[in-house]
Amino acid sequence: MGTIQFKALTFNYPDQTQPLFDHVTLQFDASWKLGLIGRNGRGKTTLLKLLQHQLPFTGQLVTDLQFQYFPQAIPDSTQMTRDILMQLGQLDDATFWQVERELRLLQVAPELVWQPFNALSPGEQTKMLLALLFIDDAHFQLIDEPTNHLDQQGRQVVASYLHQKAGFIVISHDRSFLDQVIDHVLAINRADITVHQGNYQTWQVAHNQQTAYEQQQNRQLKGDIKRLTKTAHQKAQWSHAAEKGKNAASVKTESANLDKGFIGHRAAKVMKRATTMANRAEKAINAKQQLFKNVEITAPLSLNQRPLKPRQTVISADQLVLQQGGRSLNQPLSFTLQAGQQVALTGINGAGKSTLLKALLTLPNTDHITSGQLKLNPQLKISYLPQDFDHLSGSLAKFAAAKHVTHEQLLSMLRKLGFERALFNHDLATMSMGQKRKVALARSLCEEADCYLWDEPLNYLDVITREQIQTMVANQQPTLLFIEHDVAFVTAVATHTYALRPD
Ligand SMILES: Nc1ncnc2c1ncn2[C@@H]1O[C@H](COP(=O)(O)OP(=O)(O)OP(=O)(O)O)[C@@H](O)[C@H]1O
Ligand SMILES: [Mg+2]
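Residues numbered from 1 in each chain as written. Chains lettered and ligands numbered in written order. Predicted model: local features only at pLDDT ≥ 70, side-chain atom pairs only at ≥ 80, totals over all residues. Heavy atoms only, no water.

## Structural notes on the side chain of lysine 235
Right, so step 1: Note on placement: lysine 235 falls in helix α7 (residues 200–250).
Right, so step 2: Look past the residues within four positions of lysine 235 in its chain and what remains in contact with it is Val270, Arg273 and Ala274. (Helix = DSSP H or I, 4+ residues; strand = E, 2+ residues; numbered from the N terminus. Contact = heavy atoms within 4.5 Å.)

## A look at the domain arrangement of the protein chain
Right, so step 1: Structurally, the protein chain comprises domain 1 (3–190), domain 2 (207–290) and domain 3 (313–499).
Right, so step 2: Once you take the C-alpha centre of each, domain 2 and domain 3 turn out to be 60 Å apart. (Domains from an automatic or database assignment.)

## A closer look at the UniProt feature "domain: ABC transporter" (unreviewed entry) in the protein chain
Right, so step 1: Residues given the UniProt feature "domain: ABC transporter" (unreviewed entry) here are residues 4–215 and 315–503.
Right, so step 2: This span, residues 4–215, is 35% helix and 25% strand, and a straight line between its end C-alpha atoms measures 35 Å.
Right, so step 3: Between the first and last C-alpha atoms of residues 315–503 the distance is 23 Å; the span itself is 32% helix and 25% strand. (UniProt positions renumbered as here; feature names shortened; annotations may be inferred.)

## A short note on the pattern of salt bridges
Right, so step 1: Throughout the structure, instances matching the rule amount to 15 salt bridges.
Right, so step 2: In this structure, the salt-bridge partner of lysine 381 is glutamate 447, at a minimum N-O distance of 3.7 Å. Taken together, the residues span a long stretch of sequence, with lysine 381 in the loop between β14 (369–376) and β15 (382–385) and glutamate 447 in the loop between α12 (433–446) and β16 (451–455) at a distance of 66 residues.
Right, so step 3: Look at lysine 381 and you get partly exposed, because its relative accessible area is 32%.
Right, so step 4: With a relative accessible area of 13%, glutamate 447 lands in the buried category.
Right, so step 5: Across the pair glutamate 447 and arginine 443 runs a salt bridge whose closest N-O atoms are separated by 2.7 Å.
Right, so step 6: In this structure, a network of salt bridges that share partners links the residues Arg175, Arg466, Glu467 and Asp486. (Salt bridge = Lys/Arg side-chain N within 4 Å of Asp/Glu carboxyl O. Buried < 20%, exposed > 50% of the residue type's maximum accessible area, 1.4 Å probe, protein only.)

## Quick word on unusual backbone geometry
Right, so step 1: Along the chain, phenylalanine 70 connects to proline 71 via a cis peptide bond; the corresponding omega equals 0 degrees.
Right, so step 2: Here proline 71 is to be found in the loop between β5 (66–70) and α2 (81–89).
Right, so step 3: The residue after leucine 363, namely proline 364, is reached through a cis peptide bond having omega 5 degrees.
Right, so step 4: The topology assignment puts proline 364 in the loop between α9 (353–361) and β14.
Right, so step 5: Despite not being glycine, histidine 53 shows a phi value in the positive range, around 55 degrees.
Right, so step 6: Within the secondary structure layout, histidine 53 lies in the loop between α1 (44–51) and β4 (58–62).
Right, so step 7: Take histidine 53: its relative accessible area is 54%, and that puts it in the exposed class.
Right, so step 8: At glutamine 90, a position not held by glycine, the phi torsion is positive, near 50 degrees.

## A word on the environment of proline 386
Right, so step 1: If you trace the backbone, proline 386 turns up in the loop between β15 and α10 (396–402).
Right, so step 2: The residues contacting proline 386, other than those within four sequence positions of it, are Arg437, Arg443 and Asp455.

## Description of the sheet that holds strand β1 (residues 3–11)
Right, so step 1: Spatially, β2-β1-β4 is the arrangement adopted by the three strands of the open sheet, whose pairing is antiparallel. Pairing within the sheet leaves two strands with one partner each, and these edge strands are β2 (21–29) and β4. Ignoring strand direction, the axes of neighbouring strands in this sheet form an average angle of 5 degrees.
Right, so step 2: Where β1 and β2 come together, six bridges link them in antiparallel fashion. Across the sheet, the residue bridging to phenylalanine 6 is leucine 26, located in β2. (Pairing = 2+ DSSP bridges. Axes fitted to C-alpha atoms, helices over the stretch in contact; angles between N-to-C directions.)

Structure (structure tokens):
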């Protein structure tokens, strides 16, 4: 297999004042399993678009490879899945077995291809589209966030599947997933782009070592700058005094003219040394500015919860069976959420987790319950973070007004979530997936509430933001019912975990 090379790649979207990529030179091998990482909005998806020549750029892309992108655009999701896959993969009845072979490896029931695409769960849809990528080895695969809609078991299956394959770039914010899949890392950092041989964990170790080295350099340079500035200052004073002495000498006697020459020479020497010291101090300051250029900056988060009576019951479910479109979804479930608890709902895709949150929001006359009881204290104010946010568009000001939070509050929360100020005037429709997710999350954090219902809050969010939220929940202990497939997060914050089992 060949290589892929960018030479002096420079690109920005029309409304961006700073280039997203500025003379980037980059090379990687087409046989690698390459993990593309970086904070939300750094340009990961854009880089995949540039590889496919979907956006105009300056610089050069050198490769003779053909690329394939996941997730593929679905022309009409009401069509039968098999027809969609044949169309996208340019296959016919005689060659469709290739997809069936990949679907078996992805542990998808083969009869599902006879269902309309939009009747499949998001996790099943993901696997169907992934199966198309590896039907031949003529392409290099560009896989943009395959894990978002997968439950824990699905992530495991896809991780083992991709581990068997080679020749792809995969973008993901799921650390344990990346560790199982990749052998190289391409990191879009704050100030540069780097390539590392190894998986996420080894990249993280190298990154931390670099930061520690820079901190040590910083201490040393700080000392140097202080010393050099002090000496330069002293030398400048001496030189000034000597210069004054020279002038005073010149108005005295003839014999004093000898001294004038001597003093002038000394003053010049001291002046030269003072300038050298000042130059060295300036160099040290410049070197210091180069440090920490890739260190990510974060601020602590908080949410606007109202205090509740301790141990007050907020939600209770008794032998609850949920339904969607007349179909019962789960085996009976009983649980309670009390004030100050963080309860995780787990279960495979399609077990009814999101339906449970929707049932809570439509009480008392919900049509999402087949049998059993679900109670929510009606006095309480709920903040709901839905799973779906893809449709967001319009200005941040309009979004804030529609969601009853102040514009200032929303912007200040977004800054804490790592949003650049330059983005504040952009339309939500042009924001990256993670940026949109941050807007939806910031709204819930700003909203005054007694209880929070969060449906997959971490989807699309970068690792640093995940850690910020984890710390905030651990510190503030909000009354929270949440669904999340990021194992590290659930383990760290859930006080109780309840599994929804499919019917
Ligand atoms: N069509 C567009 N018009 C204007 N700006 C855009 C457009 N698409 C993306 N951007 C901006 O370019 C930057 C990079 O976006 P991109 O989608 O490549 O980020 P990303 O690294 O994939 O982020 P995420 O992790 O959130 O998916 C972001 O600041 C985004 O707001
Ligand atoms: Mg992206």
